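The lines below spell out each chain.
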Amino acid sequence: MKVCGFTIIRNALKFDYPVVESITSILPICDEFIVAVGNSEDETLDLIKSINSPKIKIIETTWDDNLRIGGKVLANETNKAFDAITDDFDWCFYIQSDEIVHENYHPEIKKQMELEVNNSSIDGLLFKYKHFYGSYDYVGVSRKWYRHEIRIIKNNKKIRSYRDAQGFRIENEKLKVKAIDAYIYHYGWVKHPEQQQAKQQSFNKMWHDDNWMKQNIKDVNEFDYTAIDLLERFNETHPNVMKNRIEKINWNFSFDPTKIKLPVKLKVTHFIEKLTGYRIGEYKNYRF
C-alpha cells in the first residue's frame, strides 16, 4: 500500500498558516507528499523548501483570482495537487494548511487504509473534526461547525475537489465513505487578531464580490473573537507538531458562556444533539 499526501498553500507567512505543522503531522504515514505552492506575496515557497524530507514534491502554481465565486479557486488548486499524484499510489491524503492530525491517530488511520485499500465500494475515509477557536483552549460545538469531512480518497482521478475544496465528489455525486475513529484538528480560527482580520479580508474575496465585502467585512485592524456562540474547553493534548506554536501564543482570549444568548430553536437543537448525538438537518457531503 502506497500513500501520497497533498495540500495547497499560498501566503502562508502573511496569514500565519501552520502549513509546516500540517504537512509534518501526516508525513510519517505518507510515502510522498505533493505541495502545490501558489504565487505568494511572501516567502511561502522557501518555507516549504525548508521542510527536511525527501518525500516532499513541490509544484508551483498560479491562482486564478477571477474564480472568486464560491471559493472555486481553492477546488481548482486542490485538483492541480491531486492530479500531480502518480498512478502507483493507492490512497491520497488531503490536508488543508490549517489542519493537523494528532500522532495518536496514525495507527488507526494506517489500519483503516490497509483494511479498505482493495475495497472497490469505498471511495474515501471520513474524519471527525475539532474546530479550535480564539485560542488553543476552546473548540466550537455549535451547528456552524461541520463535524465530519473526507480527507483520504482513493487515487481515482474521476474524483474532483468539490465547491470550495471542503470535500470531494465524482461527477457531482457524493463519495461512498467509511467513517474512521480519527480526528482532524482545525486551527484556522486560532491566530493573532490582526492576522485573523487580514485573513478574513483576503479569504472572503474568494467567495464574494466587492459589494458584499464592503457590507460584511469590517475595516478594522483586529478580528473580534467575541462574536461566537457555543464553545467548550479543550482538556486533551495537542499534536506534538503544534508544541512550539502553542508556547509562542502572544494574544489573550477569554470566553464567558454566561454571556451567550441563544435563540430558543438553537437551544433545543443543541440539547437534542448533546443528548443523542444526532444533529437535525445536518449537511453531509458524503454517503455510507
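Check the entry above for the structure.
Residues numbered from 1 in each chain as written. Predicted model: local features only at pLDDT ≥ 70, side-chain atom pairs only at ≥ 80, totals over all residues. Heavy atoms only, no water.

(A) How the structure looks around helix α8 (residues 264-276). Here α8 is 13 residues long and its end C-alpha atoms lie 18 Å apart, about the 18 Å a rise of 1.5 Å per residue gives. Within the span of α8, buried status applies to Thr269, His270 and Glu273. The buried residues of α8 occupy an angular sector of 100 degrees when projected down its axis, which confines them to one face. Those residues of α8 that are exposed and angled more than 90 degrees off the buried face are Val264, Phe271, Lys274, Leu275 and Thr276. Looking one or two residues beyond α8, the residue adopting positive phi is Gly277, at roughly 85 degrees. (Helix = DSSP H or I, 4+ residues; strand = E, 2+ residues; numbered from the N terminus. Expected span 1.5 Å × (residues − 1). Buried < 20%, exposed > 50% of the residue type's maximum accessible area, 1.4 Å probe, protein only. Arc of directions from axis to C-beta.)

(B) Region of the structure containing the layout of surface pockets. Of the volumes computed, that of the second largest pocket is approximately 460 Å³. Mapped by element, the contributors of at least two residues to the lining of the second largest pocket are β6 (124-133), β7 (138-140), β13 (231-233) and α8. Sort the elements by how many residues they give to the lining of the second largest pocket and β6 lands first, with four residues. In the lining of the second largest pocket, the residues fall into seven nonpolar, seven polar and nine charged. (1 Å grid on protein atoms, 1.4 Å probe; cavity = no way out; pocket = protein on both sides within 12 Å on 5 of 7 lines; lining within 4 Å. Points joined across faces, edges and corners; volume = space filled by probe spheres on them. Nonpolar A, V, L, I, M, F, W, Y, C, P; charged D, E, K, R; others polar.)

(C) Summary view of the pattern of salt bridges. One pass over the structure, following the stated rule, counts 17 salt bridges. Notably, a salt bridge pairs Asp65 with Arg10, separated by 3.0 Å at the nearest N-O pair. On the criterion of sequence distance, the pair formed by Asp65 in the loop between β3 (56-61) and α3 (72-83) and Arg10 in the loop between β1 (3-9) and α1 (19-26) is long-range, its members being 55 residues apart. On the basis of relative accessible area, Arg10 is assigned to the buried category, the value being 15%. Of the charged contacts in the structure, one is a salt bridge between Arg147 and Glu273, with a shortest N-O distance of 3.6 Å. (Salt bridge = Lys/Arg side-chain N within 4 Å of Asp/Glu carboxyl O.)

(D) Layout of empty space enclosed by the protein. Evaluation of the coordinates by the stated rule reveals one cavity of 30 Å³ or more. Its volume calculated, the largest cavity comes out at about 40 Å³. Around the largest cavity sit Asp16, Pro18, Tyr136, Tyr187, Val190, Lys191, Met242 and Arg245, which together line it.

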